[in-house]
Amino acid sequence: MTVSSAPGKVYLFGEHAVVYGEPAVPCAIERRAQVTAEPRDDDRVRVEATDLTLDGFTVEWGESADDHPDVDVPSSLVEAAMGYIEEAVAQARDALDDPEAGFDITVESDIPLGGGLGSSAAVVVAAIDAAVRARGAKIDPRALADRAYQAEHTVQEGQASRADTFCSAMGGAVRVEGEDTRAIDAPELPLVVGYDGGAGDTGKLVAGVRDLRERYEFAADTVESIGDITRRGEQLLADAEPGEAPDAALVEELGDLMDINHGLLSALGVSSRSLDAMVWAARNAGASGAKLTGAGGGGCIVALDAGGDTERALGFSNDCEQSFRSALATEGVRAEE
Ligand code: PMV
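Residues numbered from 1 in each chain as written. Predicted model: local features only at pLDDT ≥ 70, side-chain atom pairs only at ≥ 80, totals over all residues. Heavy atoms only, no water.

Focus: the overall build of the protein chain
Piece 1. Looking only at helices and strands, the protein chain has nine helices and twelve strands in total.
Piece 2. A compact globule built from 337 residues should have a C-alpha radius of gyration of about 20 Å, and the protein chain, at 19 Å, falls within 12% of that.
Piece 3. With respect to the three principal axes, the spread of C-alpha positions in the protein chain is 60 × 40 × 40 Å.
Piece 4. When the 337 residues of the protein chain are sorted by exposure, 55% land in the buried category.
Piece 5. Restricting to contacts in the protein chain with at least 6 residues of sequence separation, those with at least 24 account for 73%.
Piece 6. As presented, the protein chain carries roughly 13,900 Å² of accessible surface, and 43% of it is formed by carbon and sulfur atoms. (Helix = DSSP H or I, 4+ residues; strand = E, 2+ residues; numbered from the N terminus. Rg over C-alpha atoms; globule rule 2.2 N^0.38 Å. Buried < 20%, exposed > 50% of the residue type's maximum accessible area, 1.4 Å probe, protein only. Contact = heavy atoms within 4.5 Å. Areas by Shrake-Rupley, 256 points an atom, 1.4 Å probe, with all protein chains shown as cover.)

Written as structure tokens, this is what we have:
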């Protein structure tokens, strides 16, 4: 039996704009998905998900196309979750050069599903790593990030950027610009996350921005401005002492950039009432800045606040179901067993 875990992430800057070749800076956070893989003697795959922020379920499938899962949770969520795991297994089989490798897989995750924290990427990264290791092979994090991206790309029908999967595999802060992916230095950022309990439809939100961009020049300019914010933000991170608490002035300036980034995302139509309410709850509590993270439409915001007030204020907000402080996860994918 092998167990691998991989972290979720927040976008400090650049979601949506990254789809059009602008840079983005996601940061891994200490919320992880953990996947256990056990080789089977046959070519079947059995998946048990004990916590995907939906009721646990067990699914078993084989090679037959009409092998449908029989489970008692909303089928769209199961189909979405199963799609990722099925593609992760396909990537593991390809890496192993064994198209008939069967597995018993168990998924546990404390990353809200579809909330903009990269839950699917973390599950895919951990699943490929665990399945490959379960059969005595190894895969290095960069090759793993690439395979996880291919898996997400297939499930999301070409809509995925490399940001989530690369960040989850490598950990820490990363920079993604098209095909160019790299780890970058970052200080110990005082990140606070607020989650409204919901999720946005990434495909629809990405399509909405594409449509606006085609119709209005302002929208294309807005996407470019998000790229400018990201470039400015990464310069600030590069000037700070890696792994150390940043000075207050730096946190304030990063926060200002996050506020502007949120405003621009709002202009592109990807915020929501609850995301805006959480952003304002954070700012009113003294956060240096706050923005939605991920596709938007619902899900999570990320704020910067060195004190404890933002987490508490979000906890009292009607629009926030869960708030937590999260350290930057310096480790990406890792073997647990
Ligand atoms: O909601 P998430 O974490 O899957 O982020 C989506 C980010 C987008 O930039 C909107 C799309 C992408 O694949 O980069």
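Anyway, onward from the coordinates.
Digging into the site of the ligand
Piece 1. Taken together, 15 residues sit near the ligand, with K9, H16, S161, D164 and A295 positioned nearest.
Piece 2. Between the ligand and the protein, one listed contact pairs an oxygen atom with a side-chain N or O atom of D164 at 3.4 Å.
Piece 3. Relative to its unbound accessible surface of 380 Å², the ligand loses 91% to contact with the protein.
Piece 4. In a pocket analysis with a 2 Å cut-off to the grid points, the ligand is assigned to the largest pocket.
Piece 5. Split into classes, the residues belonging to the shell around the ligand amount to six nonpolar, six polar and three charged.
Piece 6. No fewer than three residues from each of domain 1 (2-184) and domain 2 (191-326) sit in the shell around the ligand. (Near = heavy atom within 4 Å. Polar contact = N/O pair within 3.5 Å; in protein donor to acceptor, adjacent residues only side chain to side chain. 1 Å grid on protein atoms, 1.4 Å probe; cavity = no way out; pocket = protein on both sides within 12 Å on 5 of 7 lines; lining within 4 Å. Sits in = over half its atoms within 2 Å of the grid points. Nonpolar A, V, L, I, M, F, W, Y, C, P; charged D, E, K, R; others polar. Domains from an automatic or database assignment.)

Describing helix 8 (residues 273-284)
Piece 1. The terminal C-alpha atoms of helix 8, which comprises twelve residues, lie 16 Å apart, in line with the 16 Å expected from a rise of 1.5 Å per residue.
Piece 2. Each element contacted by the buried residues of helix 8 is listed here: strand 8 (191-195), helix 7 (248-267), strand 9 (289-292), strand 10 (300-304) and helix 9 (309-316).
Piece 3. In the segment just after helix 8, G286 is the residue with positive phi, at about 105°. (Expected span 1.5 Å × (residues − 1).)

Notes on the side chain of T230
Piece 1. With respect to the element layout, T230 can be found in helix 6 (residues 217-239).
Piece 2. From its side chain, T230 meets the backbone oxygen of P23 in a polar contact 3.5 Å long.
Piece 3. With residues up to four places along the chain from it excluded, the contact list for T230 reads F13, G14, P23, A24 and V25.

Description of the packing of helix 2 (residues 119-134) against helix 3 (residues 141-155)
Piece 1. Packing of helix 2 against helix 3 brings their axes to within 9 Å, and their N-to-C directions diverge by 125°. Taken together, the axes of helix 2 and helix 3 lie oblique to each other. Both helix 2 and helix 3 take part in a crossing whose hand is right-handed. Contacts from S120, A121, V124, V125, I128 and D129 in helix 2 reach L144, R147, A148, A151 and E152 in helix 3.
Piece 2. Tallied by class, residues from the contact of helix 2 with helix 3 come to seven nonpolar, one polar and three charged. (Axes fitted to C-alpha atoms, helices over the stretch in contact; angles between N-to-C directions. Parallel < 35°, antiparallel > 145°, perpendicular 65-115°, else oblique. Left-handed = near helix turned anticlockwise from the far one by under 90°.)

Some thoughts on the sheet that holds strand 8
Piece 1. In space, the four strands of this open sheet follow the order 9-10-8-11, with antiparallel pairing throughout. The open sheet terminates on both sides in strands that have one partner only, identified here as strand 9 and strand 11 (322-326). Here the average twist between neighbouring strands, direction ignored, is 20°.
Piece 2. The pairing of strand 9 with strand 10 spans four bridges and is antiparallel. Directly across from A290, in strand 10, lies its bridge partner A303.
Piece 3. Its contacts with the sheet put helix 7 on strand 9 and strand 10, and the angle it makes with strand 9 is roughly 35°. (Pairing = 2+ DSSP bridges.)

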